[in-house]
Amino acid sequence: MSAFDDLFAANADYAESFAYSALTGTAARGLAVVTCMDSRIDPLGLLGLKAGDAKILRNAGARVTDDVLRTLVLAVYLLGVQRVLVMPHTDCGMAKVTDTDVHDLTQRHGIDTRSLEFHTVPDQDAALRHDLTRIRTTPFLPDDLPVGGSIYDVRTGRLLPLVD
């Protein structure tokens, strides 16, 4: 028995009625969403989107890392993205620890992670503003690319738009 048998069985059921074969790789609604990997977030559902409408980029804390910038460049120039929403959320685990906390935790397990930056979020509002600035000022994306920020409330399902 494999640790993944349940997933392969679920996929077999899913494939029986697969309805997305006609979708292309472009973002039909011209949107990219940068959000957290938290499983309480359903980015398509909470934004009224469906499969194929947007590019969804997920990582711990919804941070705009170098890899997110790389992916946004590809999304804009190759995949039809014309606007970007950065959407962290309330009750985020990344806002409850520091990079030092994570390094200390992994060290207790015998793992040295000091070569990694975890991009923890001591101040969520400041981190979101910083990440929006990263996108808006990168020389690799169009100057007029609409970039917005909003915090998703995992308790109410509502978006709390960042007021610039």
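Since we're looking at a predicted model, the values are computed, not measured. (Residues numbered from 1 in each chain as written. Predicted model: local features only at pLDDT ≥ 70, side-chain atom pairs only at ≥ 80, totals over all residues. Heavy atoms only, no water.)

The helix and strand inventory of the protein chain stands at 5 helices and 5 strands. Mapped from its N terminus to its C terminus, the protein chain presents α and β elements in the order α-β-α-β-α-β-α-α-β-β. Overall size of the protein chain, expressed as C-alpha extent along the three principal axes, is 50 × 45 × 35 Å. Surface accessibility of the protein chain: about 10,100 Å² in total, with carbon and sulfur atoms responsible for 56%. (Helix = DSSP H or I, 4+ residues; strand = E, 2+ residues; numbered from the N terminus. Areas by Shrake-Rupley, 256 points an atom, 1.4 Å probe, with all protein chains shown as cover.)

A few words on the packing of aromatic side chains. Counting across every chain of the model gives 2 aromatic pairs. Centre to centre, the rings of Tyr14 and Phe18 are 5.7 Å apart; their planes meet at 65°, and the pair counts as edge-to-face. Residue classification places Tyr14 among the partly exposed residues on the basis of a relative accessible area of 44%. Residue classification places Phe18 among the partly exposed positions, given a relative accessible area of 42%. (Phe/Tyr/Trp six-rings, centres within 6.5 Å; stacked < 30°, edge-to-face > 60°. Buried < 20%, exposed > 50% of the residue type's maximum accessible area, 1.4 Å probe, protein only.)

This brings us to the nonpolar core. Judged by nonpolar contacts, the single largest core of 21 residues is most densely connected at Leu72, Val81, Val84, Val86, Ile135 and Leu145. Tallying contributions element by element places helix H3 (residues 66-78) first for this core, with 5 residues. (Core = buried A, V, L, I, M, F, W, Y, C linked by side-chain atoms within 4.5 Å.)

With that settled, consider the sheet that holds strand E2 (residues 54-59). An order of E2-E1-E3-E4-E5 is seen for the 5 strands of this open sheet, with the pairing classed as mixed. Every other strand in the sheet has two partners, leaving E2 and strand E5 (159-161) as the edge strands with one partner each. Geometrically, the sheet is characterised by an average inter-axis angle of 25° between neighbouring strands, direction not taken into account. Note: strand E1 (residues 31-36) against E2, 6 bridges, orientation parallel. Bridged to Val33 within E2 is Ile56. Each of E1, E2 and strand E3 (83-87) is contacted by H3, which is oriented at about 175° to E2, the strand it contacts most. (Pairing = 2+ DSSP bridges. Axes fitted to C-alpha atoms, helices over the stretch in contact; angles between N-to-C directions. Contact = heavy atoms within 4.5 Å.)

Here the focus is a nonpolar patch on the surface. Among the surface-exposed residues, Tyr14, Phe18, Tyr20 and Leu23 lie close enough to one another that they form a single nonpolar patch of about 400 Å² accessible area. Topologically, Tyr14 is positioned in helix H1 (residues 5-16). (Patch = residues over 30% accessible without salt bridge, like charges linked within 9 Å, V, L, I, M, F, W, Y side chains within 5 Å. Salt bridge = Lys/Arg side-chain N within 4 Å of Asp/Glu carboxyl O.)

Moving on, we come to the side chain of Thr35. With respect to the secondary-structure elements, Thr35 resides in strand E1. In contact with Thr35, not counting residues within four places along its chain, are Ile41, Pro43, Ile56, Leu57, Arg58, Asn59, Ala62 and Met87.

Moving on to the environment of Cys92. On the secondary structure map, Cys92 appears in the loop between E3 and helix H4 (99-108). As for Cys92 and Tyr20, which are separated by 72 residues in sequence, their C-alpha atoms are 32 Å apart. Cys92 has contacts with Cys36, Gly61 and Gln124, leaving out every residue within four places of it along the chain.

Pairing is possible between side chains that carry opposite charge, provided their charged atoms lie close to one another. The full count for this structure, using the stated rule, is 11 salt bridges. In this structure, Asp66 and Arg134 form a salt bridge, with 2.6 Å as the shortest nitrogen-oxygen distance. Pair noted here: Asp66 is in helix H3 and Arg134 is in helix H5 (residues 124-137), with a separation of 68 residues, a long-range link. Its relative accessible area of 59% is what places Asp66 among the exposed residues. Of the charged contacts in the structure, one is a salt bridge between Asp91 and Arg155, with a shortest N-O distance of 3.1 Å. Of this pair, Asp91 sits in the loop between E3 and H4 while Arg155 sits in the loop between strand E4 (147-152) and E5, placing them 64 residues apart in sequence. When its relative accessible area of 61% is taken as the criterion, Arg155 is described as exposed.

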